[in-house]
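One letter stands for each residue in the lines below.
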Amino acid sequence: MRDAGAPPDLPVFADDAFPSPLRHAWLVTRAGALLATAISVCFLTGLVSHLHQHPVAWLPLPPDPAWGYRLTQGIHVTTGLAAIPLLGLKLWSVYPRLWAWPPVRSAGHALERLSVGLLAAATAFELVTGTLNLAHLYLWSFLFPVAHYAVAWVVLGSVLIHLAVKWPLVVEAWHARAGGGPADDDPPGEGALDGSRVLSRRGVLGAALLGSAAVAAVTVGQTLRPLGWAGLLAPRSPQDVPLGVPVNRTAVDAGVVPAAQHTGYALTVHGPTPRSFALADLAALPQHEVELPLACVEGWSAVATWGGVRLRDVLDLCGVDGGSTVRVVSLETDGLYATAEVPPQFARHEDTLLALRLAGAPLTLDHGYPVRLIAPDRPGVLQTKWVSRIEVV
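Model, not experiment: these values are computed from the prediction.

Student: Run through the overall build of the chain, naming residues and quoting values.
Tutor: Helix and strand counts for the chain come out as ten helices and ten strands. For the chain, the residues scored as buried account for 43% of the 393 residues in total. For the chain, the accessible area works out to roughly 19400 Å², and carbon and sulfur atoms hold 66% of it.

This is the structure:
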């Protein structure tokens with residue numbers, strides 16, 4: 001009769017179930033450090049994006065430099081994708097420990113395993129759903145921005161707990177050699193079943209880094225235009241779209257075509273002195289041109305020349321106080337970003353326009369005709385298209 005305390009009679013519990021000597025504390029530690037670095041950068045830049053979309057009074061974000069959001073969101077998406085090979089390496093390197101017997105040795109051990117499971121699951125959730133979001137492939141019913149932000153804090157907390165529990169082992173493993181050989185990072189013959197070394201632990205780590213670098217190289221072109229030719233994973237390419245600015249949501253998708261083309265269109269401003277502006281009225285006001293990037297939460301961005309009326313000029317005509325936050329409302333009625341609040345530092349910036357033109361031509365319907373908002377250092381989802389009215393918050 002089999003000992004009740006023995007592991008189940010399954011292949012994964014056999015003594016030779018995981019023969020690779022490449023799995024080693026040296027590799028686990030360095031893979032974890034690289035993954036933690038990528039996750040930290042991704043988290044911080046994601047937090048910047050969240051604060052742009054959900055500003056807080058005690059931490060006002062500046063409108064300068066105009067390319068700030070473009071940079072941080074490009075880094076966010078690039079490091080998130082680059083973390084995928086590192087996550088794969090980390091899971092592969094610790095996989096045998098999932099089958100250690102007994103599965104729980106103490107209350108502390110149970111909490112440790114729970115934190116590791118939570119860390120792996122939350123990290124996988126962030127990377128998988130984030131990647132699918134880039135492709136607009138939504139296989140779920142929850143609201144992606146809310147879930148993505150909430151689970152990011154779970155990842156951060158799990159990382160900190162894991163580091164606290166494992167810190168003594170991390171320090172020990174970090175100072176260990178990659179292998180036992182005197183002149184190499186692995187003992188002779190530990191790389192393959194036939195006794196010939198085909199890959200070392202350093203080689204495994206290097207392969208994962210190469211994979212991350214490759215993913216970054218075919219992604220970063222959507223932010224750094226000189227590398228745009230390499231942007232194989234870029235969801236939108238400015239080179240292949242009208243006027244050089246990609247479109248995520250068309251006028252047809254938004255259901256605004258009849259209202260946007262209506263001859264009686266007028267922009268209304270609800271302020272101390274309410275006013276309505278027909279397109280001819282806006283065209284008669286002082287016109288300005290600015291070169292600003294349109295940067296999307298998906299990481300892509302495009303720099304373009306926008307022409308129109310400064311938002312602050314329109315607000316002044318309506319007696320709106322210079323310290324007021326305003327809400328810009330779209331003709332779109334059911335979109336997630338049909339409205340956007342514009343804090344005073346953005347509303348009063350000289351480059352914030354109610355745009356009427358793009359690249360010297362009238363706006364197209366898909367680019368926001370008849371009027372759209374364009375401001376420096378703002379996510380594309382907050383650069384409201386098809387503007388119908390402005391309200392003082």
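Right, picking up where we left off after that structure.
Student: Could you give me a rundown of the environment of A359, with the residues and numbers involved?
Tutor: Mapped onto the fold, A359 is located in the loop between β7 (353-358) and β8 (361-362). Sequence spacing of A359 and G244 is 115 residues, and the spatial spacing of their C-alpha atoms is 8.4 Å. Excluding its chain neighbours within four sequence positions, the residues that come into contact with A359 are L243 and T305.

Student: So what about helix α4 (residues 144-174)? Which residues, and what values?
Tutor: A rise of 1.5 Å per residue sets the reference length of α4, with its 31 residues, at 45 Å; its end C-alpha atoms lie only 37 Å apart and thus fall more than 12% short of the reference. By the largest-angle criterion, K166 marks the main kink of α4, which is about 70 degrees, and a proline, P168, follows within four residues. Against the buried residues of α4 lie α1 (25-53), α2 (68-94) and α3 (107-134).

Student: Describe the environment of V41, and please don't skip the residues or the numbers.
Tutor: With respect to the helices, strands and loops of the structure, V41 is situated in helix α1. Expressed as a C-alpha distance, the spacing of V41 and T79, which sit 38 residues apart in the sequence, is 7.1 Å. Residues within four places of V41 in sequence aside, it is in contact with I75 and T79.

Student: Quick one: what's the story with the pattern of salt bridges, residue by residue and with numbers?
Tutor: Inspection of the entire model under this criterion finds five salt bridges. The partner of R389 in a salt bridge is E391, with the nearest N and O atoms 2.6 Å apart. Look at R389 and you get partly exposed, because its relative accessible area is 31%. Salt bridges sharing common partners tie together R327, E341, R389 and E391.

Student: Would you mind going over the packing of α2 against helix α5 (residues 201-217) in detail, with residue names and values included?
Tutor: It is at 8 Å that the axes of α2 and α5 come closest, and there the two elements cross at 160 degrees. Between α2 and α5, the angle is such that the two are roughly antiparallel. Considering the relative orientation of α2 and α5, their crossing is right-handed. The segment α2 lies against α5, with T78, L81, A82, P85, L86, L89 and W92 engaging V204, L205, A208, L209, G211, S212, V215 and A216. The residue inventory of the contact of α2 with α5, partitioned by class, reads twelve nonpolar, three polar and no charged.

Basis of the calculations
Residues numbered from 1 in each chain as written. Predicted model: local features only at pLDDT ≥ 70, side-chain atom pairs only at ≥ 80, totals over all residues. Heavy atoms only, no water. Helix = DSSP H or I, 4+ residues; strand = E, 2+ residues; numbered from the N terminus. Buried < 20%, exposed > 50% of the residue type's maximum accessible area, 1.4 Å probe, protein only. Areas by Shrake-Rupley, 256 points an atom, 1.4 Å probe, with all protein chains shown as cover. Contact = heavy atoms within 4.5 Å. Expected span 1.5 Å × (residues − 1). Bend = angle between axes of the 7 residues up to and from the residue. Salt bridge = Lys/Arg side-chain N within 4 Å of Asp/Glu carboxyl O. Axes fitted to C-alpha atoms, helices over the stretch in contact; angles between N-to-C directions. Parallel < 35°, antiparallel > 145°, perpendicular 65-115°, else oblique. Left-handed = near helix turned anticlockwise from the far one by under 90°. Nonpolar A, V, L, I, M, F, W, Y, C, P; charged D, E, K, R; others polar.

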